[in-house]
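Fold and contact review
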Amino acid sequence: MSSSPTTRRIERVRHEIHRRETTVVAVQPLGLSFVSVRLRDESLKGFVSLSFDDHVKLMLPDGAGGWLMRDYTPRRFDTGRGELDVEFALHGRGPFSDWARQAQPGQTLVVAGPRGSMIVPADYDWHLLVGDDSAWPAMQRRLEELPGRARVEVLLLCAGEVPLPARMPAACRLRQLADADALRQALRDQPWPGGEGFVWCAGEAGLMAELRAVLLNEKHHPKEAMKVAAYWKPGAADFHARLDD
């Protein structure tokens with residue numbers, strides 16, 4: 001079944017990129033698999049993030065005069081207080097998940113961006129969010145920002161406990177899948193409602209490419225009403241790519 005041709009339009013906004021040296025002011029474990037780190041700096045009073053899909057570049061010294069860099073979702077921010085919250089998925093080993101495990105107030109972290117925002121209208125007839133645990137912070141932000149009447153389905157690849165958003169639309173259904181095969185099958189089995197819907201997917205590059213093919217070739221969903229992003233790729237550092245162009 002295919003979705004109706006979309007009449008809604010995605011708005012893309014460019015931002016001036018600012019590089020900020022922030023200070024950790026709070027660290028909050030979120031179950032066993034996530035941790036939230038609150039950053040503060042006077043320059044964050046000018047921080048702009050217009051979409052759940054935004055990402056900032058976090059930067060740590062590499063010990064050789066350069067920088068380690070990774071993209072993360074601005075989970076929450078308070079421009080009045082000059083604060084930004086970033087949630088880290090603690091899967092596997094890596095410089096940023098390792099840093100988050102030991103983060104303490106008083107440590108510093110450089111933040112750059114976001115460079116732009118993709119603003120997805122909230123009034124689609126339905127929304128489908130698909131991804132692994134690396135995409136969960138962005139999904140949570142979307143769920144908190146959508147109106148309470150929004151119709152939302154979430155397919156999340158994560159076997160462990162996940163923190164829940166502060167609020168969710170009343171008609172939201174969250175399904176947690178234990179492995180990639182289950183996620184693939186869940187998308188294939190997902191009923192495709194009538195009306196205009198937006199599909200957002202993010203996670204591991206190979207899996208996201210497969211899901212994009214399902215959306216296009218099996219669900220016949222219009223390209224202009226979806227975004228599929230590769231947030232990470234095994235063995236590749238600082239990897240982030242769009243797959244829906």
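Because the structure is predicted, anything quoted here is derived from the model rather than measured.

**Observations concerning the overall build of the protein**
Broken down by element type, the protein carries four helices and 15 strands. What you see for the protein is a C-alpha radius of gyration of 18 Å, in line with the 18 Å of a compact globule of 245 residues. Dimensions along the principal axes, computed over C-alpha positions, put the protein at roughly 55 × 35 × 30 Å. When each of the 245 residues of the protein is scored for burial, the buried share is 50%. With the model as given, the accessible surface of the protein reaches about 11200 Å², and the carbon-plus-sulfur share is 50%.

**Re unusual backbone geometry**
Backbone torsion omega between Gly113 and Pro114 reads 5°, so that peptide bond is classified as cis. Mapped onto the elements, Pro114 comes out in the loop between strand 8 (108–112) and strand 9 (116–119).

**What to know about the packing of aromatic side chains**
Considering all chains together, one arrives at eight aromatic pairs under this definition. Ring geometry for Trp200 versus Tyr231: centroids 6.2 Å apart, planes at 75°, classification edge-to-face. Separated by 31 residues along the polypeptide, Trp200 in strand 13 (residues 197–204) and Tyr231 in strand 14 (residues 226–232) bring together distant segments of the chain. Note on Trp200: relative accessible area 0%, which makes it buried. For Tyr231, a relative accessible area of 16% corresponds to the buried category. One aromatic cluster is present, built from ring pairs that chain together Tyr72, Phe88, Phe96 and Trp99. A cation sits over an aromatic face here: Arg8 above Tyr124, 5.3 Å from the ring centre. The ring of Trp67 is capped by Arg19, whose NZ or CZ atom sits 4.8 Å from the centre of that ring.

**Observations concerning the pattern of salt bridges**
Throughout the structure, instances matching the rule amount to 19 salt bridges. Among the salt bridges present, the one from Glu144 reaches Arg76, with a minimum N-O distance of 3.7 Å. One end of the pair, Glu144, is in helix 2 (residues 136–145); the other, Arg76, is in strand 6 (residues 76–78), and 68 residues separate them in sequence. The class for Glu144 is buried, based on a relative accessible area of 17%. Via salt bridges that share partners, Arg38, Arg40, Arg81, Glu83 and Asp85 belong to a single interconnected network.

**Some words on helix 3 (residues 180–189)**
Looking at helix 3, one finds that the buried residues are Leu183, Arg184, Ala186 and Leu187. Projected down its long axis, helix 3 shows its buried positions confined to an angular sector of 165°, all on one face. Of the exposed residues in helix 3, the ones pointing more than 90 degrees away from its buried face are Asp181 and Asp189. Of the surrounding secondary structure, the elements contacted by the buried residues of helix 3 are strand 10 (126–132), strand 11 (151–157), strand 12 (171–177) and helix 4 (205–218). One side-chain oxygen at the N-terminal end of helix 3 lies 3.2 Å from the backbone nitrogen of Asp181; it belongs to Asp179.

Definitions and cut-offs
- Residues numbered from 1 in each chain as written.
- Predicted model: local features only at pLDDT ≥ 70, side-chain atom pairs only at ≥ 80, totals over all residues.
- Heavy atoms only, no water.
- Helix = DSSP H or I, 4+ residues; strand = E, 2+ residues; numbered from the N terminus.
- Rg over C-alpha atoms; globule rule 2.2 N^0.38 Å.
- Buried < 20%, exposed > 50% of the residue type's maximum accessible area, 1.4 Å probe, protein only.
- Areas by Shrake-Rupley, 256 points an atom, 1.4 Å probe, with all protein chains shown as cover.
- Phe/Tyr/Trp six-rings, centres within 6.5 Å; stacked < 30°, edge-to-face > 60°.
- Lys NZ or Arg CZ within 6 Å of the ring centre and 35° of its normal.
- Salt bridge = Lys/Arg side-chain N within 4 Å of Asp/Glu carboxyl O.
- Arc of directions from axis to C-beta.
- Contact = heavy atoms within 4.5 Å.
- Polar contact = N/O pair within 3.5 Å; in protein donor to acceptor, adjacent residues only side chain to side chain.

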